[in-house]
Amino acid sequence: PKVYNHLITKMNVDVTVITIRWFLCLFIKVLPLESTLRFLDVFFLEGNKMLFRFGLTIFKVFEKELLSTNSDEEVITLLNHLPLFASNADYLLEVAFDSNWIGKFSEKKIHELRETELIALN
């Protein structure tokens with residue numbers, strides 16, 4: 001919520017400019033190799049929900065840096081470069097699966113949110 005309020009509500013940054021690359025490329029060349037391989041392991045096991053879980057994890061891991069930004073250029077630069085420093089794959093997975101933070105993340109919930117956003121776009 002803090003990052004959302006800062007980036008979206010306060011600064012009106014369109015983070016899809018960056019996150020679309022994360023999702024389309026399955027975080028390949030976004031995360032360091034070990035972290036990418038660990039992501040792919042859980043992605044093939046858990047499915048599409050891991051795209052969102054890891055995307056949110058990057059925002060959580062780099063929350064402090066993102067909250068210190070003052071312009072959309074700074075945000076875009078950070079989101080382009082910071083994930084390369086997410087070299088602790090164990091920590092990324094720990095955060096991604098922390099039930100106190102994200103909680104349950106079902107395919108059904110993703111589908112519902114996707115439908116809501118599609119309706120809002122039309």
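Residues numbered from 1 in each chain as written. Predicted model: local features only at pLDDT ≥ 70, side-chain atom pairs only at ≥ 80, totals over all residues. Heavy atoms only, no water.

> Is there a simple way to explain the packing of aromatic side chains in this structure?
Here the distance between the centres and the angle between the planes together describe a pair of aromatic rings. Across all of its chains, the model carries 9 aromatic pairs by this definition. Ring centres of F39 and F54 lie 4.9 Å apart, and the angle between their planes is 65°; on these two criteria the pair is classed as edge-to-face. Of the two residues, F39 sits in helix α3 (residues 33-46) while F54 sits in helix α4 (residues 49-61), which places them 15 residues apart along the sequence. Across the pair, F54 and F39 agree in class, each one buried. (Phe/Tyr/Trp six-rings, centres within 6.5 Å; stacked < 30°, edge-to-face > 60°. Helix = DSSP H or I, 4+ residues; strand = E, 2+ residues; numbered from the N terminus. Buried < 20%, exposed > 50% of the residue type's maximum accessible area, 1.4 Å probe, protein only.)

> Explain the pattern of salt bridges here, please?
Close approach of charged atoms allows side chains of opposite charge to pair. Per the stated rule, a full pass over the model turns up 3 salt bridges. The closest approach of N and O atoms between R38 and D90, which form a salt bridge, is 2.8 Å. In this pair, R38 is assigned in helix α3 and D90 in helix α7 (residues 89-96), connecting sequence segments 52 residues apart. With a shortest N-O distance of 3.9 Å, E63 and K60 are connected by a salt bridge. Look at K60 and you get partly exposed, because its relative accessible area is 34%. (Salt bridge = Lys/Arg side-chain N within 4 Å of Asp/Glu carboxyl O.)

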